[in-house]
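As a plain string of letters, each chain reads:
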Amino acid sequence: MATGRTHRPATRSRGIPEATVARLPLYLRALTALSERSVPTVSSEELAAAAGVNSAKLRKDFSYLGSYGTRGVGYDVEYLVYQISRELGLTQDWPVVIVGIGNLGAALANYGGFASRGFRVAALIDADPSMAGKPVAGIPVQHTDDLEKIIDDNGVSIGVIATPAGAAQQVCERLVAAGVTSILNFAPTVLSVPDGVDVRKVDLSIELQILAFHEQRKAGEEAAAVVEAEALAAKESGKGPDGDVPAVMPA
C-alpha cells in the first residue's frame, strides 16, 4: 500500500484553485452521507444545499475535476465520491503522527473518523516521560526523543501538533527536519515553516471569538429594531417619545 511520503496531491499541477480545494471536503462529506443512504444521483442544487454553497459555484468547482454531470439526471454519487477522494489523495493510506497527548491530543487520538477518511494514526508522541508506554486509543505513547526515528520508520509526511504554544515551534522544526511536509496545528500560536511545507491552523478560541462578534452584532440589531418599532408605534398613536399626547398649540 502506498504511503504519504511517496505521493503529492496533483491539484496544484492541474491548476485547481485553493478555494476549490478547500470546498472539496465539504462536497465529499455531503456525498458520503448520500452514499450511506443509497442515493444513486444528486442534482447540483441538492448537493450545493447539502454542502452549504451555491449551485453555480459547485458546478464551477466540479468543472476543474472534469465532472459536469448529466442534464436531467445530475451527478453520479458513487463516482463523485471516488473522484473527489482520489483528487484529495484519500484513496491511499496517510500515516499521521500526533505530538502532544494532553486532553486535546488524546481526544484527537480517539477520533474514529480518521481511518474511514484515508488517515491512519501511526504514532502518538509526548514530551512527558511518565506518558511513555501508556496506551491512548489503543496506541502506546512514545517519547519525543524518538520523534525522528518514528517519522522515518512510518514514512510520515503529515504531523498534528497539539502541544502548548511554547513548545509548538520547536516541535514543528523537528517534524520538518525529519521529513514532514504537512502540519495540522492546534497550538495557539503561528508557526514559521520553510517553503514547501503546508500548515493548516485550527484555533477554537478564534472561532468562538468570531461567533461572539456575530452574537453581539445580532443583539445590537435586535435592540435597534425594538427602539425603531417603539418609535413607530408612538408616532402612529400620536404620542410623543415620552408617551404623552403632544400639546395642541392655540390658533
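The residue numbering used here restarts from 1 in each chain and proceeds along that chain's sequence as written. A pLDDT threshold of at least 70 governs which residues receive local features in this predicted model, and a stricter bar of 80 or more applies before side-chain atom pairs are shown or counted, although totals over entire chains, interfaces and linings include all residues. Derived side-chain values reflect all non-hydrogen atoms in the structure, with water molecules and hydrogen atoms excluded from consideration.

**Some remarks on helix 2 (residues 44-51)**
Heads up, the rule is: Relative accessibility decides the category of a residue: with a 1.4 Å probe and only protein chains considered, values under 20% of the type maximum give buried, values over 50% give exposed, and everything between is partly exposed. Helical segments are the DSSP runs of H or I of at least four residues, strand segments are the runs of E of at least two, and each set is numbered from the N terminus. Within this analysis, the arc is defined by the directions that extend from the helix axis to the C-beta atoms. By the convention used here, residues are in contact when the closest approach between their heavy atoms is within 4.5 Å.
The set of residues buried in helix 2 consists of Ser44, Leu47, Ala48 and Ala51. Taken end-on, helix 2 shows its buried residues confined to a sector of 100 degrees, consistent with a single buried face. For helix 2, the exposed residues set more than 90 degrees away from the buried face come down to Glu46, Ala49 and Ala50. Tucked into the core, helix 2 has its buried residues touching helix 1 (18-36), strand 1 (41-42), helix 3 (55-65), strand 2 (75-76) and helix 4 (77-88). Following helix 2 by one or two positions, Gly52 has its phi on the positive side, about 80 degrees.

**Considering the sheet that holds strand 5 (residues 135-136)**
Note the cut-off: When DSSP finds at least two bridges between two strands, those strands are taken to pair. Lines fitted to C-alpha atoms define the axes, with helix axes restricted to the stretch in contact, and inter-axis angles between N-to-C directions lie between 0 and 180 degrees.
Spatially, the seven strands line up as an open sheet ordered 5-6-4-3-7-8-9, and their pairing is mixed. Both edges of this open sheet fall to strand 5 and strand 9 (198-201), since each of them pairs with a single strand only. Along the sheet face, helix 7 (residues 147-154) touches strand 3 (94-99), strand 4 (119-126) and strand 6 (139-143) and points at about 165 degrees away from the line of strand 4.

**Regarding the packing of helix 1 against helix 4**
The geometry of a pair of packed helices is captured by two quantities: the angle between their axes and the separation between those axes. Spelled out, the test is: Helix crossings get a hand from a simple test, with the near helix turned counterclockwise from the far one by less than a right angle marking a left-handed crossing and a clockwise turn marking a right-handed one.
The N-to-C vectors of helix 1 and helix 4 enclose an angle of 145 degrees; their axes lie 9 Å apart at closest approach. When the axes of helix 1 and helix 4 are compared, the crossing they make is left-handed. Taken together, the residues of helix 4 that come into contact with helix 1 (itself represented by Val21, Leu24, Pro25, Tyr27, Leu28, Leu31, Thr32, Leu34 and Ser35) are Val77, Glu78, Leu80, Val81, Ile84, Ser85, Glu87 and Leu88.

**Focus on the confidence of the model for the chain**
Definition in use: Confidence scores here are pLDDT values: one per residue, from the predictor, ranging 0 to 100.
For the chain, mean pLDDT is 87; residues scoring 70 or higher make up 89% of the total. Within the model, the stretch residues 1-13 combines pLDDT values under 50 with 30 contacts to residues more than four positions away or in other chains.

**Comments concerning the side chain of Thr20**
Condition: By the criterion applied in these results, polar contacts are pairs of N or O atoms within 3.5 Å in which, for protein atoms, one can donate a hydrogen and the other can accept it, and in which residues neighboring in sequence qualify only through two side-chain atoms.
Inspection of the secondary structure assignment puts Thr20 in helix 1. Only 2.8 Å separates the side chain of Thr20 from the side chain of Asp61, close enough to count as a polar contact. Those residues in contact with Thr20 that sit more than four places away from it in its chain are Asp61 and Tyr64.

**A few points about the packing of aromatic side chains**
To be explicit about the condition: Aromatic contacts are taken between Phe, Tyr and Trp rings whose centres are within 6.5 Å, Trp giving its six-membered ring; a plane angle under 30 degrees counts as stacked, one over 60 as edge-to-face, and the others as tilted.
For the structure on display, the rule yields three aromatic pairs. Relative to Phe62, the ring of Tyr27 has its centre 5.1 Å away and its plane inclined at 75 degrees; by these criteria the two rings are edge-to-face. In this pair, Tyr27 sits in helix 1 while Phe62 sits in helix 3, placing the two residues 35 residues apart along the sequence. Taking the centre distance of 5.0 Å and the plane angle of 90 degrees together, the rings of Tyr111 and Phe114 count as edge-to-face. An aromatic cluster is present here, built from Tyr27, Phe62 and Tyr75 joined pairwise through their rings.

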